[in-house]
Amino acid sequence: MDFLNFLEFKVTDVIDIFLVAALLYYIYKLVKGTVAINIFIGIVIVWALWKLTELLQMKMISSMVGGFMSIGLIALIIVFQQEIRKFLLMIGSTNFATKRNFIRHFKFLKQEALPTVTDVNAIVGACEKMALSKTGALIVIERTNSLEFVKSTGDQMSIEITQPILESIFFKNSPLHDGAIIVQDNYITATRVILPVSNDRNIPLRFGLRHRAAVGIAEKTDAVCLVVSEETGQISYIKSGEFVPYKGLSELIGLIKKDLE
């Protein structure tokens, strides 16, 4: 039967399927938690129906669905303009310039010569002190995606991380306490940074703009964030646009160190 010829797989077919699956997965992660997720699922269903009708040689319905898919491309660009912008921003902000960041994209090539140097203990220790005094703080730790596109909104710095430095930056009377700080390796590279705010409706109402900003940058990049609530003193750890639960500060330190490897 001719229509079963697709079962004759080649190496390029496997690569093709893998790349399409990866693309669909990252698009799903991009629109997850927004109203666009339902549109995305609908498009996937219509596309699958189109390919199924082509496979079964149902020419009439196939031509109708195919026509809808081709004409609807412009409409999809309009509907998904914000998501497309975020997707291009995420790709454009990826830093492949250094050997270290390039190797991080391929963990199976990771070398022992590239250790994590960020002083996680000092960061979490500062967050613990600020939590006791209910001092609000937002710390963004850069990983493989460059954060230059948000650093430009704040003040450029190059300060080695220490617990007293972090506490002094977020001290309520400090001129630098507003906004977020960016941490790269073991240095604070920017302060008073303005971050994009997430529109995810699943974020509990008890969390304010500081938490939404952390979720926003974690949605667009692979950065991880620590947020100290000014109202409750709670320390939140945010990764991939989601709140990561932990049982104690020692476990939190372990999670951060593992994510920075």
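Worth saying up front: this structure is predicted, and the values here are computed from it rather than measured.

Trainee: In this structure, what is going on with the side chain of Arg212? I would like to understand it.
Mentor: Position of Arg212 relative to the elements: it lies in helix 9 (residues 209-220). With no salt bridge to any partner, buried Arg212 finds its closest opposite charge in Asp200, at an N-O distance of 6.5 Å. One polar contact links the side chain of Arg212 to the main-chain carbonyl oxygen of Asp200, over a distance of 3.1 Å. Each residue touching Arg212, except ones within four places of it in the same chain, is listed here: Pro196, Val197, Ser198, Asn199, Asp200 and Ile203.

Trainee: I'm lost on the sheet that holds strand 2 (residues 155-160) in this one. Help?
Mentor: Spatial strand order, 2-4-3-1-5-6-7: seven strands in an open sheet with mixed pairing. Both outer strands of the open sheet, strand 2 and strand 7 (242-243), are each paired with one neighbouring strand and no more. Two strands pair when backbone bridges link them, and strand 2 and strand 4 (residues 187-193) are joined in this way by four bridges, in the antiparallel orientation. If you follow Gln156 over to strand 4, its bridge partner there is Ala190. In the packing of helix 10 (residues 249-259) onto the sheet, the strands contacted are strand 1 (137-141), strand 5 (224-228) and strand 6 (235-239), and the crossing angle to strand 6 comes to about 25°.

Trainee: Teacher, can you tell me more about helix 10 here?
Mentor: For an α-helix, the turn length of 3.6 residues means that residues three or four places apart are oriented alike. Of the positions making up helix 10, those classed as buried are Leu252, Ile253, Ile256 and Asp259. Take helix 10 and look down its axis: the buried residues cluster within an arc of 135°, on one side only. Opposite its buried face, helix 10 presents the exposed residues Ser250 and Lys258, each directed more than 90 degrees away. Buried residues belonging to helix 10 abut helix 6 (120-132), strand 1, strand 5 and strand 6.

Cut-offs used in this document
- Residues numbered from 1 in each chain as written.
- Predicted model: local features only at pLDDT ≥ 70, side-chain atom pairs only at ≥ 80, totals over all residues.
- Heavy atoms only, no water.
- Helix = DSSP H or I, 4+ residues; strand = E, 2+ residues; numbered from the N terminus.
- Buried < 20%, exposed > 50% of the residue type's maximum accessible area, 1.4 Å probe, protein only.
- Lys, Arg positive; Asp, Glu negative; His and termini not counted.
- Salt bridge = Lys/Arg side-chain N within 4 Å of Asp/Glu carboxyl O.
- Polar contact = N/O pair within 3.5 Å; in protein donor to acceptor, adjacent residues only side chain to side chain.
- Contact = heavy atoms within 4.5 Å.
- Pairing = 2+ DSSP bridges.
- Axes fitted to C-alpha atoms, helices over the stretch in contact; angles between N-to-C directions.
- Arc of directions from axis to C-beta.

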